[in-house]
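Observations on chain architecture
Below are the chains, spelled out letter by letter.
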Amino acid sequence: MLKVTFDRPWPLHGTAATRRIEQEAAASLPAHALMERAGLAVARLALAIAPHAHRVWVACGPGNNGGDGLEAAVHLHRWGKAVTVTLAGSPDKLPPDAANAWRKCREAGVPVADALPSAWDLGIDALLGLGSSRPLEDALAAAAGRMSASASPVLAIDLPSGLNADTGNGQSVRAAHTVSLLTLKPGLFTGAGRDAAGELWFDDLGVQAAEAPTAQLAGPAPVRVRAHASHKGLNGDVAVIGGAPGMAGAAVLAATSALCGGAGRVFLAPLDTGFGAAVPGWPELMVRAWDALPLESISVACGCGGGDAVAAMLPAVLSRAKWLVLDADALNAIAADASLQETLRRRGRPTVLTPHPLEAARLLGTSTAQVQGDRLRAAQELGERSKAVVVLKGSGTVIAAPGTTPSINPTGNGRLATGGTGDVLAGLVAAALPVSSDALQAAAHAVYRHGKAADDWPAGEPLTAGALARRLHLD
Ligand SMILES: NC(=O)C1=CN([C@@H]2O[C@H](COP(=O)(O)OP(=O)(O)OC[C@H]3O[C@@H](n4cnc5c(N)ncnc54)[C@H](OP(=O)(O)O)[C@@H]3O)[C@@H](O)[C@H]2O)[C@@H](O)CC1
Ligand SMILES: Nc1ncnc2c1ncn2[C@@H]1O[C@H](COP(=O)(O)OP(=O)(O)O)[C@@H](O)[C@H]1O
Ligand SMILES: [K+]
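Each chain has its residues counted from 1, running along the sequence as written. Numbering of ligands from 1 and lettering of chains from A proceed in the order in which they are written. Predicted model: local features are reported for residues with pLDDT of at least 70 only, side-chain atom pairs are reported and counted for 80 or more only, and whole-chain, interface and lining totals are derived from all residues. Think of the side-chain values as coming from all heavy atoms in the structure, minus any hydrogens and water.

A closer look at the overall build of the protein chain
The test is simple: Secondary structure elements are taken from DSSP: a helix is a run of H or I of four residues or more, a strand is a run of E of two residues or more, and numbering for both begins at the N terminus. C-alpha atoms define the radius of gyration, and 2.2 Å times the number of residues to the power 0.38 defines the globule rule. For this analysis, residues touch if any pair of their heavy atoms sits within 4.5 Å. Shrake-Rupley sampling with a 1.4 Å probe provides the accessible areas, and residues are treated as covered by the protein chains on show and by no other component. This count recognises Lys and Arg as positive and Asp and Glu as negative, with His and chain-terminal groups excluded. One atom stands in for each charge, and that atom is NZ of Lys, CZ of Arg, CG of Asp or CD of Glu.
Counting its regular elements, the protein chain contains 16 helices and 18 strands. Scaling as 2.2 N^0.38, a compact globule of 475 residues should have a C-alpha radius of gyration of about 23 Å, and the protein chain matches this with 25 Å. Projected onto its principal axes, the C-alpha coordinates of the protein chain cover approximately 80 × 45 × 45 Å. A separation threshold of at least 6 residues defines the contact pool for the protein chain, and within that pool the share at least 24 residues apart is 70%. On the protein chain, roughly 19000 Å² of surface is accessible, and the fraction owed to carbon and sulfur atoms is 53%. In the protein chain, 40 positive and 41 negative side-chain charges are present, and the distance between their average locations comes to 3 Å.

Concerning the packing of aromatic side chains
Within a pair of aromatic rings, the relevant descriptors are the distance that separates the centres and the angle that separates the planes. Threshold: Any two rings among Phe, Tyr and Trp, with Trp reduced to its six-membered ring, count as a pair given centres within 6.5 Å; such a pair is stacked if its planes are under 30 degrees apart, edge-to-face if over 60, and tilted if neither. Note on exposure labels: buried denotes an accessible area under 20% of the residue type's maximum, exposed denotes more than 50%, and partly exposed covers the range between, all computed with a 1.4 Å probe on protein chains only.
One pass over the structure, following the stated rule, counts two aromatic pairs. On the basis of an interplanar angle of 85° and a centroid distance of 6.3 Å, the ring pair of Trp10 and Phe202 is categorised as edge-to-face. One end of the pair, Trp10, is in strand β2 (residues 10-12); the other, Phe202, is in strand β8 (residues 199-203), with 192 residues separating them in the sequence. When sorted by exposure, Trp10 lands in the same class as Phe202, which is buried. Judged by centre distance (4.8 Å) and plane angle (70°), the ring pair of Trp57 and Trp120 falls under edge-to-face.

What to know about the UniProt feature "domain: YjeF N-terminal" (unreviewed entry) in the protein chain
Formally: UniProt positions are given in the numbering used here, feature names are shortened, and annotations may be inferred rather than shown by experiment.
Summarizing the sequence annotation, UniProt attributes the feature "domain: YjeF N-terminal" (unreviewed entry) to residues 18-213 in the numbering used throughout. Helix and strand shares over residues 18-213 are 37% and 16% respectively, and the end C-alpha atoms of the span are 10 Å apart.

Concerning the domain arrangement of the protein chain
Condition: Throughout the structure description, domain borders are defined by an automatic or database domain assignment. As a working definition, buried area equals the accessible area (1.4 Å probe) given up by two parts on being put together, with both sides summed.
You can read the domains of the protein chain as domain 1 (2-217) and domain 2 (232-471). Between domain 1 and domain 2, the C-alpha centre-to-centre distance is 39 Å. With 16 residues of domain 1 at the interface, the matching set in domain 2 holds 14 residues. Between domain 1 and domain 2, roughly 1200 Å² of surface is buried when both sides are summed, and carbon and sulfur atoms account for 53% of that area.

Notes on the coordination of the potassium ion (ligand 3)
Ideal geometry at a metal gives 109.5 degrees between four tetrahedral donors and either 90 or 180 degrees between six octahedral ones. We apply this condition: Each metal site is built from N, O and S donor atoms within 2.8 Å (3.2 Å for Na, K and Ca), and since water is not included, such sites may look incomplete. In this scheme the shape depends on donor count and angles: four donors with every angle between 85 and 135 degrees give tetrahedral, four or six donors with opposite pairs above 155 degrees and others between 65 and 115 give square planar or octahedral in turn, and any other case is irregular.
The potassium ion (ligand 3) binds to the protein through Asn65 (OD1), Asp125 (O), Leu128 (O), Ile157 (O), Leu159 (O) and Ser161 (OG); the donor distances cover 2.6 to 3.0 Å. What the six donor atoms of the potassium ion (ligand 3) show is an angle range of 65 to 168° at the metal, which sorts the shape as irregular.

Some words on the site of ligand 1
What counts, and what does not: We call a residue near a molecule or strand as soon as one heavy atom of that residue lies within 4 Å of the molecule or strand. Pairs of N or O atoms are called polar contacts if they sit within 3.5 Å, as long as, within protein, a hydrogen donor faces a hydrogen acceptor (for residues adjacent in sequence, only side-chain-to-side-chain pairs).
Around ligand 1 sit 24 residues, and of these Arg19, Asp68, Gly129, Arg134 and Asp158 come closest. A distance of 2.9 Å separates an oxygen atom of ligand 1 from a polar side-chain atom of Asp97. A distance of 3.2 Å separates an oxygen atom of ligand 1 from a polar side-chain atom of Ser133. Protein burial of ligand 1: of its 940 Å² of free accessible surface, 80% is covered by the chains.

As structure tokens, this is what we get:
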């Protein structure tokens, strides 16, 4: 059993891959062995996270997730806990492993109740796992609702019941802890997964997964070491093109973020002709006209607060920039123009798109709900279509590129949901590109650092985009 911490990468396996792993393992093990291991792991974790809990409600469902709960119930009963089992389903319809666990439960004299209990100290959610295929209803919904609404902590087995293992969608139990079995599933880390799962634990049940991961949970960015004999020309030049009238702040945020992120020199090309010759408070930033910049040799973040005006620069920017980050209004302009989409596809140089779900939906010609319905797929599809790295922002930011395994970023939290933090990310990615040989890695590292800065934010101190930019660094 391992606690899932975000200081290392983790392989993630979706439903189909996990089913294959389970089938192969089950074929080489004695009957019921996997479920027995699962039940023991759950029971041990229950003791560890809630050592003083005496009344334990194990809410079991109609499949093998319920079986895991029944196996755990037998242990907890033997260890002296006041266990109550409920079964949302019929005992004679349980699949074989779960039916065996039910028989053991009855033989051990574990109390089984017809009605949901009214008080308990620890809830164990064994209603549904990988087999969750539609919204919870009837007895499952009643048990899930009662358990989630209680002040007593919930330990979810494999997944918070109702959560889709692949997408992180679905109305589900809200757990304080989730122990994921055999594999870690992508849905635990994106969409609604983070809020539903609480603290995460992983038990491989003694099975080494031979399956290629469906996705990767991103690990920390390595600390960048700069040579002593270094000069600013080695650390990458960044230009930010954006900031139409009334939206200069977005471009300034991206530029300051690139600077704090370690870029050697940062240029700001405001689209507001009345912007002025310097950025107040930031003498390090050089204000230039966008067409006076050597785009062919620098990293460009384009779009931040660019408004409609940015569309006119895009043909030149797309074809000239050495490294390119496209954000916000640049993405909207590309979504609205098939010839820009074609230019993007043909660029052939490192390019990172940083859409939030609505921007991704516009680019894909679909709805935000559909993007959010399968964030991994949406990011991959957009990457394939645009031949670029895609950073699909939000809870569990997805980073994808054509022909590679996508990753999900584990850092960041709801405090980032404030205006301008996306501009800060665009600037940081632009700073990361010139000092990395791999745009996908550069983007993933910048996203990790951006989120980590928010995770490390002192309690009680407001997190604003400007303050975030000042606290960023890539080395
Ligand atoms: N076999 C083993 O040894 C091991 C198994 N393991 C454990 O097994 C879990 C997977 O088990 P599982 O495949 O049986 O799926 P599970 O999630 O229990 O439920 C499926 C049942 O629920 C039903 N159902 C679904 N949605 C519903 C809804 N909304 N409302 C009502 N019913 C609904 C669905 O019905 P159906 O869709 O078929 O009509 C079916 O009857 C996995 O997550 C892990 O915990 C691991 O311990 C490893 C060892
Ligand atoms: N709950 C969350 N968890 C992690 N990151 C988040 C969360 N909410 C927002 N973010 C991050 O905050 C940033 C917001 O960007 P965006 O939506 O473009 O805002 P803006 O346009 O105001 O700059 C993105 O990097 C996004 O991933
Ligand atoms: K569950």
